[in-house]
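A structural walkthrough
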Amino acid sequence: MSDSSASRLPASAAPEGPLGVVITGGSRGLGLAMAQRFLAAGDAVVLCARDAERLEVARAELVTATGAGERLHTVACDVADPEAAERLADFAVERLGSIHRWLNNAGTAGRHKRPLVELSAADIAETCTTNLTGSMQLCAAALRRMQAQPAAPEPRYHLFNFGFSGLGAHFSRTSIPHRVSKLGVAELSRQLRRELQASGEQGIGVHELRPGLVRTELLLADLPEQARPIIDRLAEPPEQVADALVPRVRGITGTGRTLQYRSPLATLVRALSAVPTLRRVR
Ligand SMILES: NC(=O)c1ccc[n+]([C@@H]2O[C@H](COP(=O)([O-])OP(=O)(O)OC[C@H]3O[C@@H](n4cnc5c(N)ncnc54)[C@H](OP(=O)(O)O)[C@@H]3O)[C@@H](O)[C@H]2O)c1
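Owing to the predicted nature of the structure, the values given are computational and were not obtained by experimental measurement.

**Focus on the overall build of the protein chain**
Helix and strand counts for the protein chain come out as 10 helices and eight strands. A buried classification covers 46% of the 282 residues belonging to the protein chain. Long-range pairs, those at least 24 residues apart, make up 73% of the contacts in the protein chain between residues at least 6 apart in sequence. As displayed, the protein chain offers around 13600 Å² of accessible surface, 56% of which is attributable to carbon and sulfur atoms.

Here it is, written out as structure tokens:
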């Protein structure tokens, strides 16, 4: 796990106590695994997803695993719906009191991992609105609530987006709407930090969370058969990624961090794939 930092403050410290945490898209995959770790740490968690039945199954799993039913609050919502962000934020304030961490985890790689010309208009729109417009609306709604909470001289409330680096987009074999919307999400974080800094806001941190390759439905759906053996080797189970990331999210300080999980094997493969380029440069 690496932490590239824009500010010189220590990347993490002991969190101030039980936190109020919002995770969008928590009915499966990484969101679900992270929710379990926050609950196990004593935090209160709000989770959302579109499929209400699956969210209920996730809720039952989390309660069985952590015994934290009274600290877990679930609500069905579609983050691509323009009205959803405000409703979710109101629900979070009502249930948590204060929001300390907001994770815009809900995301999609689209229904198909195919060239743009083979994608339907609905698929393109759903990917872009979920990933980019959704994250933007959720950032606005979360910030409005955080700014209404007791002010702090340094970041006390933290927003996390799940964007792509240029390198991530280069290596990804997903569709263009996925890669472009996720590059947009990373730019959203940068622009938001600039805006907050210009307005003198010091109490809110905005960060990127990059989980690497995680063995989830998002990664495995419509995966070309020849890619499976590679993904099987490189992708990590969501539980392992959550184990590494959640303590860092809980203890985050400053603003502009990129919390990144990279398995040892993925690190090695990336290093090896850079060798031909290095040879050319030399
Ligand atoms: N898996 C990877 O290798 C990988 C790599 C880099 C980054 N990421 C990022 O990590 C995040 C989590 O991905 P994952 O792999 O855990 O995906 P996943 O297993 O497909 O889970 C996605 C979650 O988001 C929810 N969701 C999707 N669209 C939604 C919407 N419009 N509104 C509300 N909830 C929605 C899903 O539930 P419903 O379908 O019921 O709504 C589900 O709970 C994403 O932002 C993804 O881009 C993943």
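Additional details are given in the paragraphs that follow.
**Observations concerning the site of the ligand**
Taken together, 26 residues lie near the ligand, and Ser27, Arg50, Asn105, Val214 and Thr216 sit nearest. A distance of 2.8 Å separates a nitrogen atom of the ligand from a polar atom in the side chain of Asp78. Within the contact set of the ligand, a nitrogen atom lies 3.4 Å away from a side-chain nitrogen or oxygen of Thr130. If the ligand stood free it would expose 890 Å²; the protein chains cover 94% of that surface. Per element, the largest residue contribution to the shell around the ligand is three residues, and it comes from helix H7 (residues 217-220). Split by residue class, the shell around the ligand holds 11 nonpolar, nine polar and six charged.

**Section: the pairing of strand S8 (residues 257-260)**
Alternating residues of S8 divide into Arg257 and Leu259 and Thr258 and Gln260, and every residue in both groups is buried. Two strands pair when backbone bridges link them, and strand S7 (residues 204-210) and S8 are joined in this way by three bridges, in the parallel orientation. Bridging from a neighbouring strand, Leu209 pairs with Leu259 of S8.

**Considering a nonpolar patch on the surface**
Together, Leu116, Ile176 and Val180 make up a nonpolar patch on the protein surface, roughly 240 Å² of accessible area in all. Of note, Val180 is situated in helix H6 (residues 176-198).

**Side note on the environment of Gly25**
Secondary-structure assignment places Gly25 in the loop between strand S2 (20-24) and helix H1 (29-40). For the pair Gly25 and Ala106, spaced 81 residues apart in the sequence, the C-alpha separation amounts to 4.0 Å.

**Here we look at the nonpolar core**
Formed by 31 residues in total, the largest nonpolar core has its most connected members in Ile23, Met34, Phe38, Val45, Leu47, Leu103 and Leu209. At the level of elements, S2, H1, strand S3 (44-49), helix H2 (52-66) and helix H9 (238-250) are the ones that each hand at least two residues to this core. Looking at this core, the element that brings in the most residues is H1, giving seven residues. In this structure Met34 touches Ile23, Leu103, Asn105, Phe162, Ala242 and Val246, once residues within four positions along its chain are discounted. The next biggest cluster of nonpolar side chains, apart from the first, holds 29 residues, and it includes Cys48, Cys77, Leu188 and Val206.

**Quick notes on the pattern of salt bridges**
If charged atoms from side chains of opposite charge come close, those side chains can pair. Summed over the entire model, instances satisfying the criterion amount to 15 salt bridges. Close ionic contact of Asp43 with Arg250 constitutes a salt bridge, the shortest N to O distance being 2.7 Å. Taken together, the residues Asp43 in the loop between H1 and S3 and Arg250 in helix H9 connect sequence positions 207 residues apart. Of the two residues, Asp43 and Arg250, neither departs from the other in class, the shared state being buried. Across the pair Glu86 and Arg145 runs a salt bridge whose closest N-O atoms are separated by 2.7 Å. Linking Glu86 in helix H3 (residues 84-96) with Arg145 in helix H4 (residues 121-147), this pair joins segments that are 59 residues apart in sequence. For Glu86, a relative accessible area of 29% puts it in the partly exposed group. Among the ionic contacts, a cluster of salt bridges with common partners joins Glu86, Asp90, Arg144 and Arg145.

Parameters and conventions
- Residues numbered from 1 in each chain as written.
- Predicted model: local features only at pLDDT ≥ 70, side-chain atom pairs only at ≥ 80, totals over all residues.
- Heavy atoms only, no water.
- Helix = DSSP H or I, 4+ residues; strand = E, 2+ residues; numbered from the N terminus.
- Buried < 20%, exposed > 50% of the residue type's maximum accessible area, 1.4 Å probe, protein only.
- Contact = heavy atoms within 4.5 Å.
- Areas by Shrake-Rupley, 256 points an atom, 1.4 Å probe, with all protein chains shown as cover.
- Near = heavy atom within 4 Å.
- Polar contact = N/O pair within 3.5 Å; in protein donor to acceptor, adjacent residues only side chain to side chain.
- Nonpolar A, V, L, I, M, F, W, Y, C, P; charged D, E, K, R; others polar.
- Pairing = 2+ DSSP bridges.
- Patch = residues over 30% accessible without salt bridge, like charges linked within 9 Å, V, L, I, M, F, W, Y side chains within 5 Å.
- Salt bridge = Lys/Arg side-chain N within 4 Å of Asp/Glu carboxyl O.
- Core = buried A, V, L, I, M, F, W, Y, C linked by side-chain atoms within 4.5 Å.

Purely geometric numbers; function is a separate question.
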